[in-house]
Amino acid sequence: HQDPDRVRRSTPAAINRAIDRETDRRITRYAAMSEERIRQRIHALEREWDVERVLELNAAALSLGGLLLARQGEQRWLLLPAVVMGFLLQHAVQGWCPPLPILRRLGVRTRSEIDREKYRLLSLLETDAT
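Residues numbered from 1 in each chain as written. Predicted model: local features only at pLDDT ≥ 70, side-chain atom pairs only at ≥ 80, totals over all residues. Heavy atoms only, no water.

A few words on the overall build of the protein. Looking only at helices and strands, the protein features seven helices and zero strands. Secondary structure elements of the protein, listed N to C terminal, follow the sequence α-α-α-α-α-α-α. Rg of the C-alpha trace for the protein: 19 Å, well past the compact-globule value of 14 Å for 130 residues, more than 25% over. Once the C-alpha set of the protein is aligned to its principal axes, its extents read approximately 65 × 30 × 25 Å. Relative to its 130 residues, the protein shows a buried fraction of 33%. Taking the intrachain contacts of the protein between residues at least 6 apart in sequence as the baseline, contacts between residues at least 24 apart amount to 74%. Here the protein has roughly 8300 Å² of accessible surface; of this, 59% comes from carbon and sulfur atoms. For the protein, the distance from the average site of its 22 positive side-chain charges to the average site of its 18 negative ones is 5 Å. (Helix = DSSP H or I, 4+ residues; strand = E, 2+ residues; numbered from the N terminus. Rg over C-alpha atoms; globule rule 2.2 N^0.38 Å. Buried < 20%, exposed > 50% of the residue type's maximum accessible area, 1.4 Å probe, protein only. Contact = heavy atoms within 4.5 Å. Areas by Shrake-Rupley, 256 points an atom, 1.4 Å probe, with all protein chains shown as cover. Lys, Arg positive; Asp, Glu negative; His and termini not counted. Charge placed at Lys NZ, Arg CZ, Asp CG, Glu CD.)

Here it is, written out as structure tokens:
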């Protein structure tokens, strides 16, 4: 079973705090909006890509690109998928890889961070219903 906080533990505290502040800011902003707008935000959160999905997409795209370039005759391009797969393996084992700090600085969140916002907004809807 995968540790849901391994990415947060591998991310500098300042970046985690920035992501948390942004999430809190959105929750506060949506708390003042209509039920319909809150439901729209919840729907968007259900579709938001988490850091794992972004890493997987990038790894697949770069690996495929390297393989296609190698097929054109430049065998050194095979290094690209080898390096990318090494990064993905490192992430699977340690919860960290070289692209992770960049993605986190860009604000790409973990599933648990996305869910925190989603469930807080859902609780606002439940509070309004009572």
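Now that the structure has been shown, we can carry on.
So, on to the packing of helix 4 (residues 51-71) against helix 5 (residues 79-94). Helix 5 packs onto helix 4 with a crossing angle of 160° between their chain directions and a minimal axis gap of 8 Å. Relative to helix 5, the element helix 4 lies roughly antiparallel. Where helix 4 crosses over helix 5, the handedness of that crossing is left-handed. From helix 4, Glu52, Leu55, Ala59, Leu62, Ser63, Gly66 and Leu67 reach across to helix 5, where they touch Leu80, Pro81, Val84, Met85, Leu88 and His91. For the contact of helix 4 with helix 5, the per-class residue count stands at nine nonpolar, three polar and one charged. (Axes fitted to C-alpha atoms, helices over the stretch in contact; angles between N-to-C directions. Parallel < 35°, antiparallel > 145°, perpendicular 65-115°, else oblique. Left-handed = near helix turned anticlockwise from the far one by under 90°. Nonpolar A, V, L, I, M, F, W, Y, C, P; charged D, E, K, R; others polar.)

Now for the confidence of the model for the protein. Per-residue confidence for the protein averages 94 on the pLDDT scale, and 97% of its residues sit at or above 70. The least confident element of the protein, judged by mean pLDDT, is helix 1 (residues 6-9) at 92; the most confident is helix 3 (residues 35-47) at 98. (pLDDT = per-residue confidence, 0-100.)

This part takes up the side chain of Glu113. Topologically, Glu113 is positioned in helix 7 (residues 111-129). The exposure class assigned to Glu113 is buried, which follows from its relative accessible area of 4%. Dropping the residues within four chain positions of it, Glu113 is found in contact with Arg8, Asn16, Ile19, Asp20, Thr23 and Arg104.

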